[in-house]
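Chain by chain, the residues:
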Amino acid sequence: MSAGISDTYDTVHVDELRLLEAEAVHIIREVVAELERPVLLFSAGKDSIVLLRLAEKAFRPSALPFPVMHVDTGHNFPEVIEFRDRRVTGQGHKLIVASVQESIDAGRVPDPGPGASRNRQQTRTLLDALEAGGFDAAFGGARRDEERARAKERILSFRDEFGQWDPRAQRPEPWSLYNGRIRKGEQVRVFPLSNWTELDIWRYIELENLELPSIYFAHEREVFERDGILLAVSEYAGPTDGETAAVEWVRYRTVGDLTITGAVRSRATTIDGVIAEISAATVSERGETRADDRTSAAAMEDRKREGYF
């Protein structure tokens, strides 16, 4: 057990986490055995950090048999990019950066304009990067408890030759049996963390003593409120008419495009403090802090059908 585990951490929780870990490692190994060219998507968020650790465990002491890819909107928290480079390349993994800005410059996607979210542009950037790399499987850190569209996902999520998702065309997965057979041009998105919860993720981070970007813990940041979400003041976003900025103690439950990723007011500067807050939360991290998921009840499902992860 790691030195970072609190005195209140009990054997039952550890056993549950090790079962989830074993399931995820099994899934990762099965996909590598069945598919020809996988890649692991890495945002430097808490879920992808856990996913990367599980992939390392699946193949150690050997190197990862696949590269790591980040779809970079260009509107990132600096702390997250610094962590990404240190965590991935610092550990000897191959990092592929798929740039939304390069997609805009090449005319592959429209420029939404300064200060606007680039999340919609991520889809084309991701699909182009998967095609360019010849990848037929992509590991991701999505969990079923995050959002209603993700709750519909199988662990192996099949996409057609255009990278699009049809929830009615997914395959059954009885008794943890996974069918990875695909036709040429099709893809599989793989979610080894499907059965994890946000609380499981944080408990595993504590158990494994994993490092996170500093924005996951309470700190002082200049923010402004828009539509009930606390957004960071940055070169891409700031208060407009009727909005005011103030320095507050906040932390982030998820990372992403900083023009739409909200903070929560918090004084939790330690993992124990964050776990206590999450245990009392009644809304998922995406539901509370992601403006793009509030555009409609089916916002995430619409994007997934287009090819979003």
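Chains are numbered independently. Their residues run from 1 in the order of the written sequence. Two thresholds apply to this predicted model, a pLDDT of at least 70 for residue-level local features and 80 or more for giving and counting side-chain atom pairs, whereas whole-chain, interface and lining totals are computed over all residues. Excluding hydrogens and water, the side-chain values take into account all heavy atoms of the structure.

1. Considerations on the pattern of salt bridges
Part 1 of the argument: A carboxyl oxygen of Asp or Glu within 4 Å of a side-chain nitrogen of Lys or Arg is what we treat as a salt bridge. All told, the structure shown has 21 salt bridges when counted by the stated rule.
Part 2 of the argument: We note a salt bridge from E21 to R18, for which the minimum N-O separation is 2.9 Å. Separated by 3 residues within a single helix, E21 and R18 lie in helix α1 (residues 11-34), roughly one turn from each other.
Part 3 of the argument: Only protein chains enter the area calculation, which uses a 1.4 Å probe; residues under 20% of their type maximum are buried, those over 50% are exposed, and those in between are partly exposed. Given a relative accessible area of 12%, E21 falls into the buried group.
Part 4 of the argument: Assessed through its relative accessible area of 30%, R18 is described here as partly exposed.
Part 5 of the argument: Here E198 and R253 are joined by a salt bridge, their closest N and O atoms 2.6 Å apart. You can see E198 sitting in helix α7 (residues 198-208) and its partner R253 sitting in the loop between β9 (245-251) and β10 (264-265), a full 55 residues away along the chain. Secondary structure elements are taken from DSSP: a helix is a run of H or I of four residues or more, a strand is a run of E of two residues or more, and numbering for both begins at the N terminus.

2. Examining the nonpolar core
Part 1 of the argument: Counting 61 residues, the largest nonpolar core has I28, F42, V50, L54, W196 and W202 as the members making the most contacts within it.
Part 2 of the argument: Residue assignment places this core across two domains, with domain 1 (12-200 + 297-306) and domain 2 (208-294) each supplying three or more.
Part 3 of the argument: Pairs of residues are marked as contacts when any of their non-hydrogen atoms sit within 4.5 Å. Sequence-distant contacts of L54, that is, excluding residues within four places in its chain, are made with E21, A24, V25, I28, L193, W196 and Y204.
Part 4 of the argument: Working definition of a nonpolar core: buried Ala, Val, Leu, Ile, Met, Phe, Trp, Tyr and Cys residues. They are joined through side-chain atoms within 4.5 Å. Core analysis: the second largest hydrophobic core is formed by 13 residues, V39, A98, I104 and L126 among them. The split of the chain into domains comes from an automatic or database domain assignment.

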